[in-house]
Amino acid sequence: ETGVTQTPRHLVMGMTNKKSLKCEQHLGHNAMYWYKQSAKKPLELMFVYNFKEQTENNSVPSRFSPECPNSSHLFLHLHTLQPEDSALYLCASSQLGWDLPRVTEAFFGQGTRLTVV
Amino acid sequence: AQKVTQAQTEISVVEKEDVTLDCVYETRDTTYYLFWYKQPPSGELVFLIRRNSFDEQNEISGRYSWNFQKSTSSFNFTITASQVVDSAVYFCALSEAGSSNTGKLIFGQGTTLQVKP
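Cut-off values and rules
- Residues numbered from 1 in each chain as written.
- Chains lettered and ligands numbered in written order.
- Predicted model: local features only at pLDDT ≥ 70, side-chain atom pairs only at ≥ 80, totals over all residues.
- Heavy atoms only, no water.
- Contact = heavy atoms within 4.5 Å.
- Salt bridge = Lys/Arg side-chain N within 4 Å of Asp/Glu carboxyl O.
- Polar contact = N/O pair within 3.5 Å; in protein donor to acceptor, adjacent residues only side chain to side chain.
- Helix = DSSP H or I, 4+ residues; strand = E, 2+ residues; numbered from the N terminus.
- Nonpolar A, V, L, I, M, F, W, Y, C, P; charged D, E, K, R; others polar.
- pLDDT = per-residue confidence, 0-100.
- Phe/Tyr/Trp six-rings, centres within 6.5 Å; stacked < 30°, edge-to-face > 60°.
- Buried < 20%, exposed > 50% of the residue type's maximum accessible area, 1.4 Å probe, protein only.
- Disulfide = S-S within 2.5 Å.

K.L.:
When you look at the interface of chain B and chain A in this model, what are you seeing that I'm missing?
P.N.:
A common way to report how large an interface is uses the accessible area buried once the components associate. Contacts between chain B and chain A engage 23 residues on the former and 25 residues on the latter. Here chain B and chain A share 2 salt bridges between them. The interface formed by chain B and chain A includes 8 residue pairs in polar contact (both at pLDDT 80 or more). Mapped onto the side of chain B that touches chain A, the elements with two or more residues apiece are β5 (32-39), β6 (46-52) and β10 (88-96) of chain B. When the residues that make up the side of chain B that touches chain A are grouped by side-chain class, the tally is 10 nonpolar, 10 polar and 3 charged.

K.L.:
What should I look at first to understand the confidence of the model for chain A in this one?
P.N.:
One rule of thumb: low pLDDT means the predicted coordinates there are not for detailed reading. Chain-level pLDDT for chain A is 91 on average; 97% of the residues reach the 70-or-more range. Between the elements of chain A, mean pLDDT differs from a low of 86, seen in strand β6 (residues 53-57) of chain A, to a high of 97, seen in strand β3 (residues 18-25) of chain A.

K.L.:
Quick question: what am I supposed to make of the packing of aromatic side chains here?
P.N.:
All names here are of chain B. A complete count under the given rule lists 19 aromatic pairs over all chains for this structure. Between W36 and F77 the ring centres are 5.3 Å apart and the planes differ by 50 degrees, which places this aromatic pair in the tilted class. Remark: F77 occurs in strand β9 (residues 74-79) and W36 occurs in strand β5; sequence separation between them is 41 residues. By relative accessible area, which is 0% here, W36 ends up buried.

K.L.:
Whenever I open this one, the state of the cysteines confuses me. Can you help?
P.N.:
Cysteine pairs can be covalently joined through their sulfur atoms, and such a bond is termed a disulfide. In total, this model carries 2 disulfides over all chains according to the counting rule given. Between C23 of chain A and C91 of chain A runs a disulfide, and the two sulfur atoms are separated by 1.9 Å. Its S-S torsion of approximately -75 degrees makes the covalent link between C23 of chain A and C91 of chain A left-handed. One end of the pair, C23 of chain A, is in strand β3; the other, C91 of chain A, is in strand β9 (residues 87-94), and 68 residues separate them in sequence. For C23 of chain A, a relative accessible area of 0% corresponds to the buried category. With relative accessibility at 0%, the residue C91 of chain A sits in the buried group. Residue C23 of chain B pairs covalently with C92 of chain B via a disulfide, S to S 2.0 Å. Across the S-S bond of C23 of chain B and C92 of chain B the torsion is about -65 degrees, and the bridge reads as left-handed. Taken as a pair, C23 of chain B in the loop between β3 (19-21) and β4 (24-26) and C92 of chain B in strand β10 lie far apart in primary sequence, 69 residues in all. Classification of C23 of chain B as buried rests on a relative accessible area of 0%. The thiol of C68 of chain A is not disulfide-bonded; the next cysteine sulfur, from C91 of chain A, is found 9.1 Å away.

Right under this line is the structure:
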């Protein structure tokens, strides 16, 4: 298994649909992240989970709902999205610690290319 | 405030030329980490290097080299003898490791590198 796996790779959904993106990491990391990459903006952090607890929500609209049932899995539940939510959604994981280095490099999945119609 | 600036939006070179990608960062933390990632057309972000704020040694890895200068808050990336396979979008990123260490990455806007044969 590769380090970080995301499914599906591509998703087309209508504005009234409900769908979920899945991310799984096989690296034993204790932190997971959702990032959004749209055509006109740089990579934006959406959510951070450290030790399964959400530690950051970067002012993300409530139509995006994250879930982290354990330190290896991360979901992003989508409902009533807008066309401007079409983007590449990237999941990542890293290892945090109190000793130096306090953070390792993040490893990314291949992303889910989402199109909202 | 934390910020990463990659002033070069696009760079085009001919194969075998050397090319330098610039990165300037802003942070108030004394402990932080800098990263470079490569994003090929497939979309996945590929980790290239992590540099700790307390280690200003420059690094060379094959055709890649990095110049970290705290005095100018810069972390530039040089590809020597570029190849067509180097064509990608390159991102510089910052992670602050202060009291609110979550491992989140602040990305620059990215530099699209095109290497022509």
